[in-house]
Every structure is written in structure tokens, then in C-alpha cells.
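Understanding the architecture of this molecule
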Amino acid sequence: MQILDGKSLSLKIKAKAKEDIKILKAKDVTPGLAVVVIGDDIASHTYVKMKEKACEDIGIYSIVHKMPNDISEDKIIETIQMMNKNPNIDGILIQLPLPKHIDTDRVLQTVTSTKDVDGFHPFNVGKLALNLDTFIPCTPLGVMKLLNHYDINPKGLDVCIVGASNIVGKPMMNLLLNADATVDICHIYTKDLKAHTLRADLLIVGVGKVNLITEDMVKEGAIVIDIGINRKDDGKLTGDVDYENVAKKCSFITPVPGGVGPMTIAMLLENSIKAARSRIND
Ligand code: NAD
């Protein structure tokens, strides 16, 4: 069994990103990322801090708009429209989830598609489905980079994705279909989850449920990617896979933490650089 080490790969990607930014700065372009975070969800603020720090480390200018939980939808839209017009901002990220009174779709659709570094705008979602060059959601893109780094080609593999959200499972499905894998996607209403997971050469799980995937649900020699992030009672992070027992059966597996999480942030940096490059048609 080999560990898919997202942490060490992310460090290499960040080092390369730092060099790319030096080149952009020499052309008078400093990539700019604006982040909107609403409310006081601790996890959201932690992720935003991590993203801010990653930007600072490599030379991306970042600005965080913190808004109270009871902010009006119109005020959020107004802030995004302002950033859409700001020439120093190349990427705009809306930290999810948004408070219940806010229409998430309307907010995400306000981000202009050329600054949509999260790849959540319907225009970019459509382009991904058509396998056209676009902004790809950071977590699934990070998974693809990790597979590629370890020479794992999804072509012809039987893949099972557990979790079908717009930000994780569905873009993951499109990326793998585009890579010529056979894709099976499961969700909360899937009748017999184990019947699906057991068929998978490549099992990708992004649900948010501790120990959802146990040893008996995994085929011998499978590649297992755990996207889930759960906080245990002792404060430690864990994924959706019973790592200790499942790892024994795998050819490759991602740890949590240190697997997909750091790759997500690295991909945000890459997407921000991509957005900045388009400023000068680079
Ligand atoms: P979500 O709640 O939007 O979607 C969860 C999905 O899981 C849904 O499709 C739901 O139908 C499915 N599901 C729920 N219970 C299930 C069950 N018992 N069996 C099968 N499917 C089930 O969540 P999300 O935003 O997609 O995030 C999923 C997980 O991935 C969370 O733990 C989140 O923290 C994590 N995540 C990690 C990263 C990262 O960088 N590693 C990034 C984004 C999300």
C-alpha cells in the first residue's frame, strides 16, 4: 500500500506557483484574490485563514470581506459586483456554506465567470461538462493532480464516487468521465452502497460521515481517495474512510489530514494564477 501524499505534492505546487508569480510580477501583474466569508462558522473562518496564509506565502494579494450572519443578500451581491469590476482582483471566492436566508445559487452566479476561481458558476460548470478549458473546482482538480502525480491513469477504471454535491462529487464525475473512466456516483438515496463501492478500482468518498466506508466495502487492491473532513470529539480531523482497516486492502490511499485537503488549497492558488494570466492574455 502506498500513501498518496497530498501534503508534500502541495508544497511542490506552491513552490512552482511562487516562481510563476515572480514572472507575473515582472510583467506588472500581482494576482489578486478576494474572499467573502459570511457569519461566524468556525470551520469557514479556519479555511479562509488557511487560504489567506497560502496566498501570502507565495505572493498573491488577498483581501477578505467578512460579513455578519444577518447581512442582506443584496449587500453581498453589491460587494461581489464591486469586486467583479476591480481590476486588481483576478479571483473571487465565496466561502460556503452561506447562511440559510441567502440564495447560494444567486450569489455564486453573481461572480463573473472569468474570476470564478472555484469553478462554481453555471457557465464554467457547463464548460467542464463539455471538457472545455475552464476553472475547475479546487477539490476535484486536486484529486486529479494527485492521481496524475502517482501515475494513476483513470482511463478504463471502474470508479465509484460517494457524494454527489455540486462542489465535490459532480465535478469529480465530469473530470473522471473526461478522463475516460467508467463512473458510478452514489448519494444518500443509493439503495445498496456496498454493492457499488465493492466494484470500484478507484473509490472516491466525499460525504462528511466518519467511518462511512469500512473494510468490507472495498475491493482488494483498490485506490481510495478520502475527501471527507470530520472533526472528532478529541478535536482531531478524520475522513469518511475507516483508514486503519481499509488501508491494508488498498494499493493507494489518501490520509486525512494530509491528503486531499492541502491539494484543494494548492489548486486555489493555481486557479488564481490562471485568472491573473488571463488579465494579460498570457
Ligand atoms: P454536501 O453535504 O453538500 O454533500 C454530501 C453528499 O453526500 C450528498 O451528495 C449526499 O447525498 C451524500 N451522502 C450523505 N450521506 C450519505 C450516505 N450515508 N451515503 C452515501 N452518500 C451520502 O457535502 P460537500 O460539501 O460535498 O462535502 C462533503 C465532505 O467533503 C465533507 O466532509 C466536507 O468537509 C468535505 N470537503 C473536503 C474538502 C477538502 O478539501 N478535502 C473540500 C470540500 C469538502
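Our structure is the block above this text.
Now for a look at the structure at hand. (Residues numbered from 1 in each chain as written. Predicted model: local features only at pLDDT ≥ 70, side-chain atom pairs only at ≥ 80, totals over all residues. Heavy atoms only, no water.)

A closer look at the site of the ligand
The local shell around the ligand holds 20 residues, among which Ala 164, Ser 165, Ile 188, Ile 229 and Thr 264 are the closest. Ala 164 is positioned with one of its backbone polar atoms (N or O) 2.8 Å from an oxygen atom of the ligand. Between a nitrogen atom of the ligand and a main-chain N or O atom of Ile 227, the distance comes to 3.3 Å. The protein chains hide 71% of the 860 Å² of surface that the ligand would expose on its own. In terms of residue class, the shell around the ligand is made up of 10 nonpolar, 9 polar and 1 charged. (Near = heavy atom within 4 Å. Polar contact = N/O pair within 3.5 Å; in protein donor to acceptor, adjacent residues only side chain to side chain. Areas by Shrake-Rupley, 256 points an atom, 1.4 Å probe, with all protein chains shown as cover. Nonpolar A, V, L, I, M, F, W, Y, C, P; charged D, E, K, R; others polar.)

Considerations on helix H1 (residues 6–26)
Residues separated by three or four positions in an α-helix point in the same direction, a consequence of the helix having 3.6 residues per turn. The terminal C-alpha atoms of H1 lie 30 Å apart, and with 21 residues this matches the ideal 30 Å at 1.5 Å per residue to within 8%. Those residues of H1 not exposed but buried are Gly 6, Leu 9, Ser 10, Ile 13, Ala 17, Asp 20, Ile 21 and Leu 24. Buried residues of H1, seen end-on, are gathered within an arc of 115 degrees and therefore sit on one face of the element. The exposed set on the far side of H1, more than 90 degrees from its buried face, consists of Lys 12, Lys 22 and Ala 26. On the buried face of H1, the contacting elements are helix H2 (42–58), helix H6 (138–149) and helix H10 (260–279). Measuring from the side-chain oxygen of the N-cap residue of H1 to the backbone nitrogen of Lys 7 gives 3.2 Å; that N-cap residue is Asp 5. Directly after H1, the chain includes Asp 28, whose backbone phi takes a positive value near 70 degrees. (Helix = DSSP H or I, 4+ residues; strand = E, 2+ residues; numbered from the N terminus. Expected span 1.5 Å × (residues − 1). Buried < 20%, exposed > 50% of the residue type's maximum accessible area, 1.4 Å probe, protein only. Arc of directions from axis to C-beta. Contact = heavy atoms within 4.5 Å.)

Quick notes on the sheet that holds strand S1 (residues 2–3)
Read from one edge of the open sheet, 6 strands run S1-S11-S8-S7-S5-S6, paired in parallel fashion. Each edge of the sheet is formed by a strand with only one pairing partner; in this case those strands are S1 and strand S6 (182–186). Across the sheet, helix H7 (residues 169–178) is in contact with strand S5 (158–162), S6 and strand S7 (202–205); its angle to S6 comes to roughly 170 degrees. (Pairing = 2+ DSSP bridges. Axes fitted to C-alpha atoms, helices over the stretch in contact; angles between N-to-C directions.)

Some details on the layout of surface pockets
Taken as a whole, the second largest pocket spans an internal volume of roughly 290 Å³. Lining the second largest pocket are 19 residues, with Leu 141, Lys 145, Glu 270, Asn 271 and Lys 274 positioned closest to its centre. Of all the elements in the fold, those that place two or more residues in the lining of the second largest pocket are H1, H6, H7 and H10. The class makeup of the residues in the lining of the second largest pocket is 8 nonpolar, 4 polar and 7 charged. (1 Å grid on protein atoms, 1.4 Å probe; cavity = no way out; pocket = protein on both sides within 12 Å on 5 of 7 lines; lining within 4 Å. Points joined across faces, edges and corners; volume = space filled by probe spheres on them.)

Observations concerning the packing of H6 against H10
Contact pair H6 / H10: the axes reach a minimum separation of 8 Å and the direction vectors enclose 105 degrees. Our classification of the angle between H6 and H10 gives roughly perpendicular. Residue-level contacts link Cys 138, Thr 139, Leu 141, Gly 142, Val 143, Lys 145 and Leu 146 of H6 to Val 260, Met 263, Thr 264, Met 267, Leu 268, Glu 270 and Asn 271 of H10. Its residues assigned to classes, the contact of H6 with H10 shows 8 nonpolar, 4 polar and 2 charged. (Parallel < 35°, antiparallel > 145°, perpendicular 65-115°, else oblique.)

Concerning the environment of Lys 209
By the element assignment, Lys 209 lies in the loop between S7 and strand S8 (223–226). Since its relative accessible area comes to 48%, Lys 209 is described here as partly exposed. With residues up to four places along the chain from it excluded, the contact list for Lys 209 reads Asn 230, Gly 239 and Asp 240.

Notes on empty space enclosed by the protein
Applying the stated criterion to the full structure yields 1 cavity of 30 Å³ or more. What lines the largest cavity is simply Ile 92, Leu 93, Ile 94, Leu 108, Val 111, Asp 116, Asp 118, Phe 120 and His 121. It is strand S4 (residues 91–94) that contributes the most residues to the lining of the largest cavity, 3 residues altogether. Partitioned by chemical class, the residues of the lining of the largest cavity number 6 nonpolar, 1 polar and 2 charged.

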